[in-house]
Amino acid sequence: MMAFFLNFAYLLTLLVAAPWLIYQSIFRGKYREGFAAKFLGAVPVRNSSCPCIWLHAVSVGEVNLLGVLLNEIAQRRPDLECIISTTTKTGFDLAKTKYSSHTVFYCPLDFTWAVHRAMVRIRPALLLLAELELWPNLVRAAHKHGARVAIMNGRLSEKSFHGYRRIRRWLAPVLNSLDLIAVQNEEYAQRFLALGVDPKRVNTTGSLKFDGAQMDCQNSCTQALRKLVGFSDDDVIFLAGSTQSPEEQLALAAFQSLAAEFPKLHLVMVPRHPHRFDEVAALLECSGVSWTRRSALKPTIPQSQVPIPHSIRILLVDTVGELGAWWGTASIGFVGGSLHSNRGGQNMIEPAAYGVATCFGPNTNNFRDVVSQLLAHDAAVRVHSGEQLTDFVRRCLSDFAYANDLGRNAAELVKAQQGATTRTWALIEPLLASSVIESQPFRSAA
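As a further point, take helix H5 (residues 112-122). Restricting attention to buried positions, one finds in H5 the residues Ala114, Val115, Ala118, Met119, Arg121 and Ile122. Viewed end-on, H5 has its buried residues packed into an arc of 165°, placing them on one side of the element. Of the surrounding elements, those touching the buried residues of H5 are helix H2 (35-40), strand E1 (52-56), strand E2 (81-86), strand E3 (103-106), strand E4 (126-130) and helix H6 (136-144). Remark: Arg123 follows H5 within two positions and exhibits a positive phi of approximately 55°.

Listed below in structure tokens is the structure:
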């Protein structure tokens, strides 16, 4: 009965949202791919007889954090096959590139017929859901087909918690059907418990994002990007990453007010969403500044033939999946989605790990625990306006000791928080051993 109700609710939601979905598909290129997988469960058929873990990550952020766990699994259990599903096109494209040796597909929508067919075709021993991607029919189908289900790197924001608490009576059985909820910190654990989850199912492991953070600025990807753009060792890179409107305008204003006084200053802007690349390009074009698109630089040219464009003062990164490496080029950073935005902030662990002197706005609910740690350790600064952003950049340029202290404190904090991957694996490995599917022979799937 519940499954029927959910199917009806999903169909009604799609019907109401149809005009917006059609607009997004026609004018922004979204939601065009993966129709058969999403609506019919026509995901790739897994022909192998070895046990399988199905990892589901919604978009770019969740896809990126899978890397450390995939590496851990490969080392601990090389006999396991790992497959990856995503929801968004950007997440799908990144997963195909970053995890090319793994099967990647669009996750079926939570219709009973779609998730059932997907389970038959994949036969996972374990379904791992990143952060809190909770779909009742998908969870139910996994258990019906003998798989265990777990949430990894779980998080539950205050806003989501208040919303879920209103439907606690309905939600608690779904949450208690999960075999494991591995959360990032004790605050999130308490929120799950307050929703009625059995304490035996909730474990605090820390955040996988700390483990996945690259800490070496000399890594090959970062160094290749520095050479590609022509940044020298004495250049100072101010990077505004994962930005939303109007944060690009504020970062540009900060750069323009300081560029003449600090001729070694360069600005790198990385908008959060690909559909805004052209919008930000138009902003730069209208500003009258000299700027370059990342996509205009050709990394496939032999290095000896790559022109060194020392004149580039502003770079628009209009590619997906490179932000982590670009952070390694930066001395000063601003993390977007946090200033004049209700997005709740973006990942500030990456610049912190590199030792970047980092700032962000006041709207960081998605990373409240990380922000609290950074601020408490004098490892980052919160700004509340474009003027304060400019002041922060100016102080970092004028006071090297101040900037260096911020960066050093940040890197030390990240290093101290690492280890979540090992703790997560220790919890999910027993689930594999108890899965019905792990010992089942292969049977042909429809």
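Taken as a whole and judged by the stated rule, the model has 17 salt bridges. Between Asp234 and Lys264 there is a salt bridge; the shortest N-O distance is 3.4 Å. You can see Asp234 sitting in the loop between helix H11 (220-229) and strand E8 (236-243) and its partner Lys264 sitting in the loop between helix H12 (247-258) and strand E9 (265-271), a full 30 residues away along the chain. By relative accessible area, Lys264 is classed as partly exposed at 39%. Note that Arg276 and Glu248 form a salt bridge whose closest N and O atoms lie 2.6 Å from each other. One end of the pair, Arg276, is in the loop between E9 and helix H13 (277-287); the other, Glu248, is in helix H12, and 28 residues separate them in sequence. For the pair Arg276 and Glu248, one class covers both residues: buried. Residues joined in a network through salt bridges with shared partners are Glu33, Lys89 and Asp93.

Attention shifts here to the confidence of the model for the protein. For the protein, mean pLDDT is 90; residues scoring 70 or higher make up 91% of the total. Below pLDDT 50 for its whole length, residues 300-306 participates in 3 contacts with residues either more than four positions away or in separate chains. For residues 438-445, every residue scores under 50 in pLDDT, and the model assigns this stretch 15 contacts once sequence neighbours within four places are set aside.

One pass over the full model with this rule turns up 5 aromatic pairs. With a centroid separation of 6.4 Å and 25° between ring planes, the pair formed by Phe39 and Phe111 is classed as stacked. Linking Phe39 in helix H2 with Phe111 in the loop between E3 and H5, this pair joins segments that are 72 residues apart in sequence. Of the residues examined, Phe111 reaches a relative accessible area of 2% and is grouped as buried. By way of ring pairs, the aromatic residues Phe35, Phe39, Phe111 and Trp113 are connected into one cluster. Across the ring face of Tyr106, the terminal group of Lys38 is positioned such that the distance to the ring centre comes to 4.6 Å.

Right, let's talk about the sheet that holds strand E7 (residues 202-204) for a bit. Note on sheets: strands pair through backbone hydrogen bonds, and any given pair is parallel or antiparallel. As summarised here, the arrangement of the 7 strands in space is E3-E2-E1-E4-E5-E6-E7, forming an open sheet in which the pairing is parallel. Of all strands in the sheet, those bounded by a partner on one side alone are E3 and E7. Looking at each pair of strands side by side, their axes are set apart by 20° on average, direction ignored. Pairing of E2 with E3, which is carried by 4 bridges, proceeds in the parallel orientation. Its bridge partner lying in E3, Ile84 is registered against Val104. Lying on the sheet, H5 is in contact with E1, E2, E3 and E4; it crosses E1 at an angle near 140°.

Together, Met2, Phe5, Ile167 and Trp170 make up a nonpolar patch on the protein surface, roughly 360 Å² of accessible area in all. In this structure, Trp170 sits in helix H8 (residues 168-176). With relative accessibility at 31%, the residue Trp170 sits in the partly exposed group.

Taken N-terminus to C-terminus, the directions of H5 and H6 make an angle of 35°; their axes are 9 Å apart at the nearest point. As for the relative orientation of H5 and H6, their crossing is right-handed in sense. Taking contact as the criterion, the partners of Thr112, Val115, His116 and Met119 in H5 are, on H6, Asn137, Leu138, Ala141 and Ala142. Partitioning the contact of H5 with H6 into residue classes produces 5 nonpolar, 3 polar and no charged.

The N-to-C vectors of helix H3 (residues 60-76) and helix H19 (residues 420-433) enclose an angle of 60°; their axes lie 10 Å apart at closest approach. Taken together, the axes of H3 and H19 are oblique relative to one another. Classified by chirality, the crossing of H19 by H3 is right-handed. Contact with H3, carried on its side by Val68, Leu69, Glu72, Ile73 and Arg76, involves Thr421, Thr422, Trp425 and Ile428 of H19 and no other residues of that element. In the contact of H3 with H19, the residues fall into 5 nonpolar, 2 polar and 2 charged.

Thresholds, definitions, all that
- Residues numbered from 1 in each chain as written.
- Predicted model: local features only at pLDDT ≥ 70, side-chain atom pairs only at ≥ 80, totals over all residues.
- Heavy atoms only, no water.
- Buried < 20%, exposed > 50% of the residue type's maximum accessible area, 1.4 Å probe, protein only.
- Helix = DSSP H or I, 4+ residues; strand = E, 2+ residues; numbered from the N terminus.
- Arc of directions from axis to C-beta.
- Contact = heavy atoms within 4.5 Å.
- Salt bridge = Lys/Arg side-chain N within 4 Å of Asp/Glu carboxyl O.
- pLDDT = per-residue confidence, 0-100.
- Phe/Tyr/Trp six-rings, centres within 6.5 Å; stacked < 30°, edge-to-face > 60°.
- Lys NZ or Arg CZ within 6 Å of the ring centre and 35° of its normal.
- Pairing = 2+ DSSP bridges.
- Axes fitted to C-alpha atoms, helices over the stretch in contact; angles between N-to-C directions.
- Patch = residues over 30% accessible without salt bridge, like charges linked within 9 Å, V, L, I, M, F, W, Y side chains within 5 Å.
- Areas by Shrake-Rupley, 256 points an atom, 1.4 Å probe, with all protein chains shown as cover.
- Left-handed = near helix turned anticlockwise from the far one by under 90°.
- Nonpolar A, V, L, I, M, F, W, Y, C, P; charged D, E, K, R; others polar.
- Parallel < 35°, antiparallel > 145°, perpendicular 65-115°, else oblique.

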